[in-house]
Amino acid sequence: MNALTNAPMSNYVHIFDTTLRDGEQSPGCSMNVQEKLQVARVLDELGVDVIEAGFPAASDGDFESVKAVGDLGLNAIICGLSRTRHADIDAVTRSLETAKNKRLHIFLATSPIHREHKLKMSKQQIMDEMTSAVAYGRQWFDDIEITAEDAGRTELDFLVEYFQAAVDAGARVLNVPDTVGYVTPSEIRQQFLHLSTHVRRPDSVILSAHCHNDLGLAVANSLGAIEGGARQVECTINGIGERAGNCSLEEVVMALRTRHDRYQMRTGIDTTRLYPASRVVSSVTGSQVQPNKAIVGRNAFAHEAGIHQDGVLKHAETYEIMRPQDVGVPENSLVLGKHSGRHAFRDRLENLGFKLEQELLEVLFVKFKQLADRKKSVYDEDIEALVLGTHQSGPWHLDAISIHTEVDNADQSAEASLKLRFEGAAPRIYSGRGDGPVNAIVNAIKLIMNEELHVEEFQVSAVSSGSDAQGRAVVRATIGASRYQGTGVSTDIVEASAQALVTIMNRHHQHQGKSTAEPQLKAAV
Ligand code: KIV
Ligand code: ZN
């Protein structure tokens, strides 16, 4: 029951997706604008109610991507994050000027530890700061969400006071995050029950849960919050996010659907688009989904034990509480080859969750044909990798690479020559030596960087099966004080490694907001 009206509370849970904001904060999950647009389209098709597109005041890049998502004309509400300062709110206002449906999301910490050590503000100052921000935002936004950062460790009576003031100032959504992933399901249920009954509000004002996964409880806590009265859940695809991640969208949605008997709740999500959405996010972020991940992991519907296989063959429900097709796991893994035409290719892309404009489709089709010439069978994973490749944006492009390695019993050495082109300039050859091909490539690239480049992690894996499979190289590196991840895919794993490193150079360039002129080189051959 709603405490104010005594009306029964709605059984609709709003799905607020923050893959592009909190999710992007996970190490190595940063996306460029094109990648964010791709994800935003997928989220809209999935049927999420709100897309949190970014934090416009954080950087010019964030501002541009929130604006670009707003310009897409999607059905979902597009939301921008903001601190309480007016300049942040102005940035959200400007970035969402053209969005069809928009929301301003203001956050301010409320817990004693944040009040004392981070903000150095009293409770009263926090109340004043928050209400004045809501009043300021109301000039441009009907839809304002207010967050009490670290609500999980905030005194309940102060939360009631804070949210009551937010409602009175005109906020529509009251977000109660467990910022540090500390609370337990029974605690959060109690917290939401208390807020549901003590904050006076009209039916249109809803409570929202935003749970982090530090103790592996984010989904369980979100469900606990729903039991206590939350009608919005904030989550990310594949559960990506800061530290151990956020509540996983696919898990919470499928829990509500599969256990409708218990929760009696519905969402607007087309669950058959969950698996494609997971694949798209995994391929654009380069962040692999663990095989045993619930709902979307490779093994989520695989039955290994003979007794289980026997049971499933006799009657699927003996061991399956959901059907793979309910979450959009493709029933067959169609293999394409060099005789496959445009139509089959586009069909497969759409099945995998990629709806692309004609122009991009043509570019990809040419690449697909080239790939099919190099390897006999083109699998779904190869196609995803092709799409990922098209999102790599410059200014550096790898035109060619040649490697010479020598290995004898005592020694190993390699020399790499990279033909690199900076947008608008003629290509140049950069050479480096090292004790192996990747080390030689890194040394060649270091000639271009004016800061220290340090490779922290380097992994190569097969994208699909077979000895002609493409290799995916994932590199994590630091340049100066910033950390980046780059992915490259090719039938040649050395070329894949070089591409991954070039992606890192480009990410660094974009992050620095550098000029479009070719940087001063340390040395060039
Ligand atoms: O975890 C958190 O508290 C947040 C807020 C900004 C919503 O991400
Ligand atoms: Zn968060």
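Residues numbered from 1 in each chain as written. Chains lettered and ligands numbered in written order. Predicted model: local features only at pLDDT ≥ 70, side-chain atom pairs only at ≥ 80, totals over all residues. Heavy atoms only, no water.

## A word on the overall build of the protein chain
Phase 1: Scanning the protein chain for helices and strands turns up 17 helices and 14 strands.
Phase 2: In terms of overall dimensions, the protein chain is globule-like: its C-alpha atoms have a radius of gyration of 25 Å, near the 24 Å expected for 525 residues.
Phase 3: Projecting the C-alpha coordinates of the protein chain onto the three principal axes gives extents of approximately 75 × 65 × 45 Å.
Phase 4: Within the protein chain, the fraction of its 525 residues that count as buried is 51%.
Phase 5: Carbon together with sulfur atoms contributes 48% to the accessible area of the protein chain, which is approximately 23,100 Å² in total.
Phase 6: With 53 positive and 69 negative side-chain charges, the protein chain shows a separation of 2 Å between the mean positions of the two kinds. (Helix = DSSP H or I, 4+ residues; strand = E, 2+ residues; numbered from the N terminus. Rg over C-alpha atoms; globule rule 2.2 N^0.38 Å. Buried < 20%, exposed > 50% of the residue type's maximum accessible area, 1.4 Å probe, protein only. Areas by Shrake-Rupley, 256 points an atom, 1.4 Å probe, with all protein chains shown as cover. Lys, Arg positive; Asp, Glu negative; His and termini not counted. Charge placed at Lys NZ, Arg CZ, Asp CG, Glu CD.)

## Notes on the coordination of the zinc ion (ligand 2)
Phase 1: Bound to the zinc ion (ligand 2) on the protein side are Asp22 (OD), His210 (NE2) and His212 (NE2), at distances that span 2.0 to 2.2 Å.
Phase 2: Ordering the donors of the zinc ion (ligand 2) by residue number gives the pattern D-x187-H-x1-H.
Phase 3: Residue class for histidine 210 comes out buried when judged on its relative accessible area of 5%. (Donors = N, O, S within 2.8 Å, 3.2 Å for Na, K, Ca; no water.)

## Quick look at a negative patch on the surface
Phase 1: Residues Glu406, Asp408, Asp411 and Asp435 make up a contiguous surface patch of negative charge.
Phase 2: Looking at the element boundaries, aspartate 408 is found in the loop between strand S9 (396–407) and strand S10 (412–422). (Patch = residues over 30% accessible without salt bridge, like charges linked within 9 Å, V, L, I, M, F, W, Y side chains within 5 Å. Salt bridge = Lys/Arg side-chain N within 4 Å of Asp/Glu carboxyl O.)

## So, the pattern of salt bridges
Phase 1: Tallied over the entire structure, the rule returns 32 salt bridges.
Phase 2: Ionic pairing is found between arginine 262 and glutamate 227, a salt bridge with its closest N-O pair at 2.9 Å. With arginine 262 in helix H10 (residues 260–263) and glutamate 227 in helix H8 (residues 218–227), the pair connects residues that are 35 residues apart, well separated along the chain.
Phase 3: For the salt bridge of glutamate 456 with arginine 483, the shortest nitrogen-to-oxygen distance reads 3.1 Å. In this pair, glutamate 456 is assigned in strand S12 (residues 453–462) and arginine 483 in strand S14 (residues 482–490), connecting sequence segments 27 residues apart.
Phase 4: With relative accessibility at 53%, the residue arginine 483 sits in the exposed group.
Phase 5: Here the residues in one salt-bridge network are Arg21, Asp22 and Glu52, joined through shared partners.

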